[in-house]
Amino acid sequence: MVDLQDKSLFRTAAFVDGEWVTQGSEGARTLRNPANGEALGEIPSLGAEQTRAAIEAAHRAGVEWRARTGKERAIILRRWFDLITEASDDLARLMTSEQGKPFAEAKGEVAYAASFIEWFAEEAKRVKGDVMAATERGRRIVTLKEPVGVCVAITPWNFPAAMITRKAGPALAAGCTMVIKPAEQTPLTALALVELAHRAGVPAGVLNVVTGRSRVIGAELTGNPLVRKITFTGSTEVGRILIAQSSETIKKLSMELGGNAPFIVFDDADVDEAVAGLIATKYRNTGQACISANRVYVQDGIYDAFASALAEAVGKLKVGNGFEPGVQQGPLIDQGAVDKVEAHIADAVGAGATVAQGGKRHELGGFFFEPTVLTGVTQDMLICREETFGPVAPLIRFQDEAEVIRLANDTEYGLAAYLFAKEASRIWRVAAALEAGMVGINTGLISNEVAPFGGVKQSGLGREGSIYGIDEYLELKYLAWNGA
Ligand code: ADP
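- As annotated in an unreviewed UniProt entry, the protein chain carries the name Succinate-semialdehyde dehydrogenase/glutarate-semialdehyde dehydrogenase and comes from Novosphingobium chloroacetimidivorans.

**Here we look at the overall build of the protein chain**
Then comes step 1: Looking only at helices and strands, one finds 14 helices and 20 strands in the protein chain.
Then comes step 2: Against the compact-globule benchmark of 23 Å for 484 residues, the protein chain has a radius of gyration of 23 Å, which places it among compact chains.
Then comes step 3: Here the protein chain, with 484 residues, has 54% of them falling under the buried criterion.
Then comes step 4: Taking as baseline every contact in the protein chain between residues at least 6 positions apart, the subset at least 24 positions apart corresponds to 72%.

**Side note on the domain arrangement of the protein chain**
Then comes step 1: Each assigned domain of the protein chain is listed here: domain 1 (7-257 + 459-478) and domain 2 (262-441).
Then comes step 2: For domain 1 versus domain 2, the distance between C-alpha centres works out to 31 Å.
Then comes step 3: Counting residues at the interface gives 16 residues for domain 1 and 20 residues for domain 2.
Then comes step 4: For the side of domain 1 that touches domain 2, the leading source of residues is helix H4 (residues 103-123), giving 3 residues.
Then comes step 5: Looking at side-chain class alone, the side of domain 1 that touches domain 2 contains 6 nonpolar, 7 polar and 3 charged residues.

**Points about the UniProt feature "active site" (unreviewed entry) in the protein chain**
Then comes step 1: The feature "active site" (unreviewed entry), as annotated in UniProt, sits at Glu256 in this numbering.
Then comes step 2: Summarising the element assignment, Glu256 is placed in strand S11 (residues 252-256).
Then comes step 3: Look at Glu256 and you get buried, because 28 C-beta atoms sit within 10 Å.
Then comes step 4: For Glu256, the contacting residues outside a window of four places in its chain are Phe232, Thr233, Cys290, Gly454, Gly460 and Glu464.

**Structural notes on the sheet that holds strand S17 (residues 416-420)**
Then comes step 1: Across the sheet, which stays open at both edges, the 7 strands sit in the order S14-S15-S16-S13-S12-S17-S18 with mixed pairing between neighbours. Lying at the two open borders of the sheet, with one neighbouring strand each, are strand S14 (354-357) and strand S18 (438-441). Here the strands of the sheet are splayed against their neighbours by 25° on average, with no regard to which way each runs.
Then comes step 2: Relative to the sheet, helix H10 (residues 300-315) contacts strand S12 (261-265), strand S13 (293-299), S14, strand S15 (372-375) and strand S16 (392-398), its axis offset from that of S13 by approximately 135°.
Then comes step 3: Against the sheet, helix H11 (residues 335-350) makes contact with S14, S15 and S16, and its axis sits at roughly 30° relative to S16, the strand it touches most.

**Describing the nonpolar core**
Then comes step 1: Counting residues in hydrophobic clusters, the biggest one holds 79 residues, and the most contacted among them are Leu77, Ile84 and Met178.
Then comes step 2: The element best represented in this core is H4, accounting for 10 residues.
Then comes step 3: With sequence-adjacent residues up to four places away left out, Ile84 is seen in contact with Leu91, Val110, Ala113, Ala114, Ile117, Leu193 and Leu196.
Then comes step 4: Counting residues in hydrophobic clusters, the runner-up holds 66 residues, among them Val314, Ala356, Phe368 and Ala417.

**Overview of the packing of helix H9 (residues 271-282) against H10**
Then comes step 1: Contact pair H9 / H10: the axes reach a minimum separation of 10 Å and the direction vectors enclose 50°. Comparing their axes, H10 and H9 come out oblique. The chirality of how H9 crosses H10 is right-handed. Residues Val271, Ala274, Val275, Leu278 and Ile279 of H9 touch H10, and the partners they reach there are Ile302, Ala305, Phe306, Ala309, Leu310 and Ala313.
Then comes step 2: Its residues assigned to classes, the contact of H9 with H10 shows 11 nonpolar, no polar and no charged.

**Some thoughts on the site of the ligand**
Then comes step 1: Neighbouring residues of the ligand: 16 residues in total, closest Ser214, Gly218, Gly234, Ser235 and Val238.
Then comes step 2: Within the residue set of the shell around the ligand, elements represented by two or more residues are helix H7 (214-223) and helix H8 (236-246).
Then comes step 3: Residue composition of the shell around the ligand, by class: 7 nonpolar, 6 polar and 3 charged.

**Re the sheet that holds strand S5 (residues 130-132)**
Then comes step 1: Spatial ordering of the open sheet is given by S5-S6-S20, a layout of 3 strands whose pairing is antiparallel. Here the strands that pair on one side only, and so sit at the sheet edges, are S5 and strand S20 (474-482). Between one strand axis and the next, the sheet turns by 25° as a mean value, whatever way the strands run.
Then comes step 2: Relative to strand S6 (residues 139-147), S5 runs antiparallel, the two being bridged by 3 bridges. Opposite Asp130, over in S6, you have Thr143 as the bridge partner.

**What about the confidence of the model for the protein chain?**
Then comes step 1: Chain-level pLDDT for the protein chain is 98 on average; 100% of the residues reach the 70-or-more range.
Then comes step 2: This prediction of the complex comes with two scores: 0.98 for pTM and 0.94 for ipTM.

**Observations regarding the environment of Phe116**
Then comes step 1: Its location among the elements puts Phe116 in helix H4.
Then comes step 2: Take Phe116: there are 29 C-beta atoms within 10 Å of it, and that puts it in the buried class.
Then comes step 3: Spatially, the C-alpha atom of Phe116 lies 9.8 Å from that of Met163, the residues being 47 residues apart in sequence.
Then comes step 4: With residues up to four places along the chain from it excluded, the contact list for Phe116 reads Thr165, Arg166, Gly169, Glu449 and Gly465.

**Points about H10**
Then comes step 1: For H10, with 16 residues, the first-to-last C-alpha span of 23 Å sits near the 22 Å given by 1.5 Å per residue.
Then comes step 2: Maximum bend of H10: about 25°, positioned at Phe306.
Then comes step 3: By the burial criterion, the buried members of H10 are Phe306, Ala307, Leu310, Ala311 and Val314.
Then comes step 4: Buried residues along H10 sit in contact with S12, H9, S13, S14, S15 and S16.

What counts as what
- Residues numbered from 1 in each chain as written.
- Predicted model: local features only at pLDDT ≥ 70, side-chain atom pairs only at ≥ 80, totals over all residues.
- Helix = DSSP H or I, 4+ residues; strand = E, 2+ residues; numbered from the N terminus.
- Rg over C-alpha atoms; globule rule 2.2 N^0.38 Å.
- Buried ≥ 20, exposed ≤ 12 C-beta atoms within 10 Å, placed from the backbone.
- Contact = placed C-beta atoms within 7 Å.
- Domains from an automatic or database assignment.
- Nonpolar A, V, L, I, M, F, W, Y, C, P; charged D, E, K, R; others polar.
- UniProt positions renumbered as here; feature names shortened; annotations may be inferred.
- Pairing = 2+ DSSP bridges.
- Axes fitted to C-alpha atoms, helices over the stretch in contact; angles between N-to-C directions.
- Core = buried A, V, L, I, M, F, W, Y, C linked by C-beta atoms within 7 Å.
- Parallel < 35°, antiparallel > 145°, perpendicular 65-115°, else oblique.
- Left-handed = near helix turned anticlockwise from the far one by under 90°.
- Near = placed C-beta within 6 Å.
- pLDDT = per-residue confidence, 0-100.
- Expected span 1.5 Å × (residues − 1).
- Bend = angle between axes of the 7 residues up to and from the residue.

Have a look at this one:
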């Protein structure tokens, strides 16, 4: 149980066709707080048939929902935005309880999550087609944009609110309906969000949440021909499985997958600005973000100054339960996450890296880990090859621009990249050469609803947010009009 001002936001049931489903045909799962292991509630595990019922409800509800005007949908979405904003304390409490992030960060995520609903409420009114020059007299070429249909959102635990609104906002704005499968670790935030959507006037069946084991539910979601689109945020490994499973019924796909973000500090960068930027992207959410810097390349001339300033700043980060005032870093999500961070550090140190700060499990025990800085890291170490998803900054020394571009692009991923420099021509050159969907320049904070979020290479397909985001939920129809 989580103590909330509005008790009815604490939901431990799936939501299908406007009804709360408390019994899962596959049983139930105890949800636990990663900061202290406390049981938060029993969440039903739905089976394939129950999942199918949610898809069919979304299919039925789509008939009326897509017939509404964009403006009618916009009014409901705007109301949902207002309700999320009013409930931000409760939503953040749920999030900190099930995910572990500091309460202030959780509040920040709720605002970020709400911004997608506000943005796509506005965009709902701006869907437009074209009339194009015809190739023959007496004809017109017309394009219309129509909703894709039933969409499935499969979302991760690291951003329990924003990953849902970034998908549900544009889907509902476009006239699609949706079945959401939140991560097993973080269903409470998702369920509170749909409770608010329901209150805002989203009709029964338009937005559904199925909870339970990903394999059982995932097989139905990807195999059911009524589902026209899968929108996923998570690992590249699971993305591959979902793409393969969807191939049978040829679904549209949006994939926000893993990253291995390079963070490059050139000699002319401002050390304090670069340290602040790295802390913002690396230690926020305990390093558990797909756009988190994973490899920190620092040019020879500034390396020592940057390393000591970073180690000092990281040493001051306050670790603890996210509800304690002033805490900047919560626990990792589970034991597997702790083991991975430890393995990456052990591999690096074994191959010659030095621990400049932290380096081990935190004295608080459980899933807490010390914010860590490693120096003397090289490209061949595990920590540079794999996404660490934890609070470790590995510092790699480089000499020149060509070398660092080669190192930065030496990965199958291409989500975010960061560079800190002053010289404008260098900034243009390097930003153009980096194989990434997003480049932070003299900043570690790049996400907002106005900017297109997404990756290249094996980091994904499609873009979320921005003026481009709604297109992922729209089909283009062409009318070849003779006699017009
Ligand atoms: P993370 O590393 O962030 O946990 P995952 O890719 O493992 O990312 O999981 C992201 C989401 O995908 C979660 O909701 C998870 O339950 C779901 N998922 C994992 N495996 C499958 C699968 N085989 N089919 C459908 N969904 C899955």
